[in-house]
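This is what each chain is made of:
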Amino acid sequence: TDLALIRNFSIIAHIDHGKSTLADRLIQRTGGLSDREMSAQVLDNMDIEKERGITIKAQTVRLNYTAKDGQTYALNLMDTPGHVDFAYEVSRSLAACEGALLVVDAAQGVEAQTLANVYQSIEHDHEIVPVINKIDLPAAEPEKVRAEIEDIIGIDASEAVMASAKSGIGIDEVLEAIVTKIPPPKGERDKPLTAMLVDSWYDPYLGVVILVRVIDGVIRKGLQVKFMQGGTEHLIDRVGAFTPKRIDLPELGPGEIGFITAQIKEVEQAKVGDTVTTVKGGATQALPGYKEVQPVVFCGLFPVDAADFDKLRESIGRLRLNDASFSFEMESSAALGFGFRCGFLGLLHLEIIQERLSREYDLDLITTAPSVVYRLAMTDGTIKELHNPADMPDPVKIAEMEEPWIKATIYTPDEYLGSILKLCQDRRGIQIDLTYIGGRAQVTYELPLNEVVFDFYDRLKSISRGYASFDYEQIGLREGDLVMMNILVNNEPVDALSMIVHRSQAEARGRGLVERLKELIPRHMFKVPIQAAIGAKVIARETISAMRKDVTAKCYGGDISRKKKLLDKQKEGKKRMREYGNVSIPQEAFIAALRMG
Ligand code: GDP
Ligand code: MG
């Protein structure tokens, strides 16, 4: 394809402003699918994504559009993941585009999250085309929103497209704006091949499918290529694009986005951001911006029913086929039996995997407290990486302990700023910057990741009624006064609830945990002490008083069948419990206890 006839773009929008609806309209209008094939919201293809309104795996579709100038253009619409855990993937997708549609709800106006995304797009030198959507709504104030885009974001919105993705208004204008405003890609056909690996996923029929953006040169079937970062070589056996139906193409030239396959069995071999070049006469310099993504949050996943272990192993293995950023290894816990220690890019990533395991694979799971990776300098001079509090060595053998820190940027409407500053402060945050943009505040904090993995995001959302947005990047390790806190139920340590905390937070955390456990653990025939302890020192304590009578005592002697029924019922309830010594802890207690109040 002639470079001048290609446009590569993504869509930026706050959740619910109409990104998916607009994408569907563009696909429909350009004839990528028949009406019958047009199921609602083609781009969001997983249930969880739909429910949460986020995109986990990027999808790219090629739309053939014959413009008013009579030329037929190939428009590559790239969908990007919508969450900070996937920031690196987003950055690579954006690097593959020259422009973006900025979709703003005509009744809601510019939202904080929109701002964060627009700035990222601007950083990639994108041409930004504003689209004011939902002009059909009675509450729509398109002129006010136009002014907001100019004042708050600072881009020219005088030619913003007025649209209603729902009613199909302004769709042609959006397509024309893409063609006339967004610049075509640059690239040279005669140079050695360099293509950026934008995304990869596992397809049961094709093996690993790789989405690429060709920068220079040509990629075609039969070429022997190498991945410059991964260091592997592969024979290309298929080249094509999604319209959104998969079509095969003879080649992908400079500026084009499409897919390749090469008999690759594992997504791990196709790392996002890698550079694809030819083995013979290939490029000597890899593309900039490559990063090896590493899991930053770890937790244990255990089946509630020990008999489900094999099923869990199989399910985790299958999820991993499609997600190289997720890691797992077998783990055994004194209390929970066999399970897996899993690593994730962040908390949302953890939740997604956990949710998919329970929903798609029908597994009841216990999740242990999430933990970050600590670096331990031992007194004997060795260095240890600690992913699991259970592996914490004897503190006297540790010379120094370091924990990962992040730089967090939070955008929020003014009125929630006070509570947000307090939250950050409570989590050992160090304020770096505070500025105002329009009626919104942008605050930058350095925070220990350890304080963020528990429930920071949930708390932030709840104190800002969903309005605050949160973005972060890792900024390295810092020394911290960290201690291992154990939870003892009836004097037995419950390893799944052990955690590493900063000494200054230990008491408050410990008290919170034992108080919640007191509510969550049912009464037994005897008194059950619950303690939080650092080493031998108890820092918080609660006691669950003993049950007065045997429940069966209610059924005065005679009625044996009623008594049996009651016992059966108790047994049923026990299935979802875990036994610690002779104390039963309900499954919910683990999860609930870890949510800090
Ligand atoms: P996304 O989260 O940005 O992908 O937003 P969606 O495309 O899922 O749209 C969110 C909601 O807004 C859905 O209920 C859509 O039907 C609705 N919606 C999208 N575009 C329009 C529009 O132009 N007018 C109206 N009235 N509703 C719209
Ligand atoms: Mg959507």
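- Per an unreviewed UniProt entry, the chain goes by the name Elongation factor 4 and belongs to Novosphingobium fluoreni.
- In the Subcellular location (unreviewed entry) part of its UniProt record, the chain is described as follows: "Cell membrane".
- Taken verbatim from the UniProt record of the chain, the Catalytic activity (unreviewed entry) comment is "GTP + H2O = GDP + phosphate + H(+)".

**Some details on the overall build of the chain**
At step 1: Of regular secondary structure, the chain possesses 14 helices and 33 strands.
At step 2: Relative to its full complement of 597 residues, the chain shows a buried share of 54%.
At step 3: When contacts within the chain are restricted to residue pairs at least 6 apart in sequence, those whose partners lie at least 24 apart make up 69%.
At step 4: As displayed, the chain has an accessible area near 26,700 Å², and 49% of this comes from carbon and sulfur atoms.

**Some remarks on the site of ligand 1**
At step 1: The full set close to ligand 1 counts 16 residues, and D16, K19, S20, T21 and D136 are the nearest of them.
At step 2: Between K19 and ligand 1, the recorded distance is 2.7 Å, taken from a backbone N or O atom to an oxygen atom.
At step 3: A total of 580 Å² of accessible area belongs to ligand 1 in isolation, and the protein chains cover 78% of it.
At step 4: The leading source of residues in the shell around ligand 1 is helix α1 (residues 19–29), at 3 residues.
At step 5: Of the residues in the shell around ligand 1, the class split is 3 nonpolar, 8 polar and 5 charged.

**Observations concerning the environment of I398**
At step 1: Its location among the elements puts I398 in strand β23 (residues 398–413).
At step 2: Residues I398 and V296 lie 102 residues apart in sequence; the distance between their C-alpha atoms is 22 Å.
At step 3: Apart from residues lying up to four places away in sequence, I398 is in contact with L376, A377, M378, T379, M392 and P393.

**Quick notes on the UniProt feature "binding site: GTP" (unreviewed entry) in the chain**
At step 1: In this numbering, the UniProt entry assigns the feature "binding site: GTP" (unreviewed entry) to D16, H17, G18, K19, S20, T21, N133, K134, I135 and D136.
At step 2: Here S20 shows up in helix α1.
At step 3: Along the chain, D136 falls in the loop between β5 (127–133) and α5 (142–153).
At step 4: Judged by its relative accessible area of 35%, D136 falls in the partly exposed class.
At step 5: Setting aside chain neighbours within four positions, we find D136 in contact with S164 and S167.

**Examining the pattern of salt bridges**
Close approach of charged atoms lets side chains of opposite charge pair.
At step 1: What the rule picks out here adds up to 27 salt bridges.
At step 2: Ionic pairing is found between E446 and R478, a salt bridge with its closest N-O pair at 2.8 Å. Placement of E446 in strand β25 (residues 440–448) and of R478 in strand β26 (residues 469–479) is noted, with a sequence separation of 32 residues between them.
At step 3: A relative accessible area of 16% means that E446 is categorised as buried.
At step 4: Between R511 and E507 there is a salt bridge; the shortest N-O distance is 3.1 Å. Residue R511 and its partner E507 are both found in helix α12 (residues 503–520); the two are separated by 4 residues, about one turn of the helix.
At step 5: Several salt bridges share partner residues, and in doing so they unite E403, R428, E451 and R509 into one network.

**Some words on empty space enclosed by the protein**
At step 1: Applying the stated rule across the entire model yields 2 cavities of 30 Å³ or more.
At step 2: Of the pockets and cavities examined, the largest cavity occupies roughly 50 Å³.
At step 3: Along the walls of the largest cavity sit A369, P370, S371, V372, Y374, P389, N450, V453, F454, S498, M499 and I500, which together make up its complete lining.
At step 4: Among the residues making up the lining of the largest cavity, the classes are represented as 9 nonpolar, 3 polar and no charged.
At step 5: Lining the second largest cavity, in full, are T60, V61, R62, N76, L211, A241, F242, I257 and G258.

**Quick word on the sheet that holds strand β3 (residues 72–78)**
At step 1: Read from one edge to the other, the open sheet built from 6 strands follows the order β2-β3-β1-β4-β5-β6, with strand pairing classed as mixed. Strands at the two margins of the open sheet, each flanked by one partner only, are β2 (60–66) and β6 (161–162).
At step 2: Bridge analysis of β2 against β3 gives 7 bridges, and the strand direction is antiparallel. Each bridged residue has a counterpart across the sheet, and for L63 the counterpart in β3 is L75.

**What about the packing of helix α9 (residues 417–426) against helix α11 (residues 456–463)?**
At step 1: Close contact between α9 and α11 brings their axes to 10 Å; oriented N to C, the two are set at 160 degrees. Comparing the axis directions of α9 and α11 gives the class roughly antiparallel. When you trace α9 past α11, the crossing you get is right-handed. Here S419, I420, L423 and C424 of α9 come into contact with α11, specifically with F456, R459, L460 and I463.
At step 2: Here the contact of α9 with α11 is composed, by residue class, of 6 nonpolar, 1 polar and 1 charged.

**Considering the packing of aromatic side chains**
The description of two aromatic rings rests on the distance between their centres and on the angle between their planes.
At step 1: Taken as a whole and judged by the stated rule, the model has 10 aromatic pairs.
At step 2: On the numbers, 5.9 Å between centres and 45 degrees between planes, the contact of W201 with F242 is tilted. Pair noted here: W201 is in strand β7 (residues 194–203) and F242 is in strand β12 (residues 238–242), with a separation of 41 residues, a long-range link.
At step 3: The class of F242 is buried, set by a relative accessible area of 18%.
At step 4: Considering the side-chain rings of F470 and Y472, the 5.6 Å spacing of their centres and the 35 degrees angle between planes classify their relative orientation as tilted. An identical accessibility class is assigned to F470 and Y472; each is buried.
At step 5: The structure contains a cluster of three or more aromatic residues connected by ring pairs, namely F309, F326, F328, F338, F340 and F344.
At step 6: Across from the ring centre of W405, 4.6 Å away, lies the NZ or CZ of R478, which sits over that ring.

**A short note on the sheet that holds strand β16 (residues 275–278)**
Sheet strands associate in pairs through backbone hydrogen bonding, adopting either a parallel or an antiparallel arrangement.
At step 1: Spatially, 8 strands are ordered β11-β10-β16-β7-β8-β15-β12-β13 in an open sheet, and the strand pairing comes out antiparallel. Each of the sheet's edge strands pairs with one partner strand only, and the pair in question is β11 (233–235) and β13 (246–248). Taking the axes of each pair of neighbouring strands and ignoring which way they run, one obtains an average angle of 40 degrees across the sheet.
At step 2: Where strand β10 (residues 224–227) meets β11, 3 bridges bridge the pair, whose relative direction is antiparallel. What sits directly across from Q224, in β11, is L235.

**Some words on the environment of A23**
At step 1: Within the fold, A23 resides in helix α1.
At step 2: Residue classification places A23 among the buried positions, given a relative accessible area of 1%.
At step 3: When the C-alpha atoms of A23 and I149 are compared, they prove to be 21 Å apart, with 126 residues separating the residues in sequence.

What counts and how
Residues numbered from 1 in each chain as written. Chains lettered and ligands numbered in written order. Predicted model: local features only at pLDDT ≥ 70, side-chain atom pairs only at ≥ 80, totals over all residues. Heavy atoms only, no water. UniProt positions renumbered as here; feature names shortened; annotations may be inferred. Helix = DSSP H or I, 4+ residues; strand = E, 2+ residues; numbered from the N terminus. Buried < 20%, exposed > 50% of the residue type's maximum accessible area, 1.4 Å probe, protein only. Contact = heavy atoms within 4.5 Å. Areas by Shrake-Rupley, 256 points an atom, 1.4 Å probe, with all protein chains shown as cover. Near = heavy atom within 4 Å. Polar contact = N/O pair within 3.5 Å; in protein donor to acceptor, adjacent residues only side chain to side chain. Nonpolar A, V, L, I, M, F, W, Y, C, P; charged D, E, K, R; others polar. Salt bridge = Lys/Arg side-chain N within 4 Å of Asp/Glu carboxyl O. 1 Å grid on protein atoms, 1.4 Å probe; cavity = no way out; pocket = protein on both sides within 12 Å on 5 of 7 lines; lining within 4 Å. Points joined across faces, edges and corners; volume = space filled by probe spheres on them. Pairing = 2+ DSSP bridges. Axes fitted to C-alpha atoms, helices over the stretch in contact; angles between N-to-C directions. Parallel < 35°, antiparallel > 145°, perpendicular 65-115°, else oblique. Left-handed = near helix turned anticlockwise from the far one by under 90°. Phe/Tyr/Trp six-rings, centres within 6.5 Å; stacked < 30°, edge-to-face > 60°. Lys NZ or Arg CZ within 6 Å of the ring centre and 35° of its normal.

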